[in-house]
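Examination of the molecular architecture
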Amino acid sequence: MYRPELRDGMLEERHLAGPVFTPSTKAELGDHAINISFEESVNIIGKENAERARDLSLRAYMRASEQAAARGIIIADTKFELGFIDGELALCDEVLTPDS
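Cut-offs used in this document
Residues numbered from 1 in each chain as written. Predicted model: local features only at pLDDT ≥ 70, side-chain atom pairs only at ≥ 80, totals over all residues. Heavy atoms only, no water. Helix = DSSP H or I, 4+ residues; strand = E, 2+ residues; numbered from the N terminus. Buried < 20%, exposed > 50% of the residue type's maximum accessible area, 1.4 Å probe, protein only. Contact = heavy atoms within 4.5 Å. Core = buried A, V, L, I, M, F, W, Y, C linked by side-chain atoms within 4.5 Å. Salt bridge = Lys/Arg side-chain N within 4 Å of Asp/Glu carboxyl O.

Next up on the list: the overall build of the protein. Scanning the protein from N- to C-terminus turns up two helices and four strands. Buried residues in the protein amount to 28% of all 100 residues. In the protein, 26% of the contacts between residues at least 6 apart in sequence involve partners at least 24 apart.

This is how it looks when you write it as structure tokens:
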């Protein structure tokens, strides 16, 4: 799992060393998603798909973050919902929406 080191004494509203990838899975109907470890995601969808999901998410975040930063906006947190369309992994929903 990609997690940048959090510096000692880090204050709120400061940039991290890089994005944090936190996979999750669906919870029971009506409940929030459940954060899981990267290893748990590998157990659910396989290593190749988990790596592709991580890489796709990080690339999408970095691209959007760079474009937003050029306009004075910081994307502090977002969520991507991924799924398979015709056997191909794809960003499907919640892509940079204000409520994510």
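From this point, things continue past the structure.
Judged by nonpolar contacts, A60, Y61, A64, A68, I75 and F80 together constitute the single largest core of six residues. Residues in contact with A68, not counting those within four places in the same chain, are I73 and I75.

This brings us to the side chain of S41. By the secondary structure assignment, S41 is in helix α1 (residues 38-45). Other than its neighbours up to four places away in sequence, S41 contacts P23, I36, G46 and A50.

The subject of this paragraph is the pattern of salt bridges. In the structure shown here, the tally under the stated rule is four salt bridges. Its salt-bridge partner being R54, residue D55 comes within 3.2 Å of it at the nearest N-O pair.

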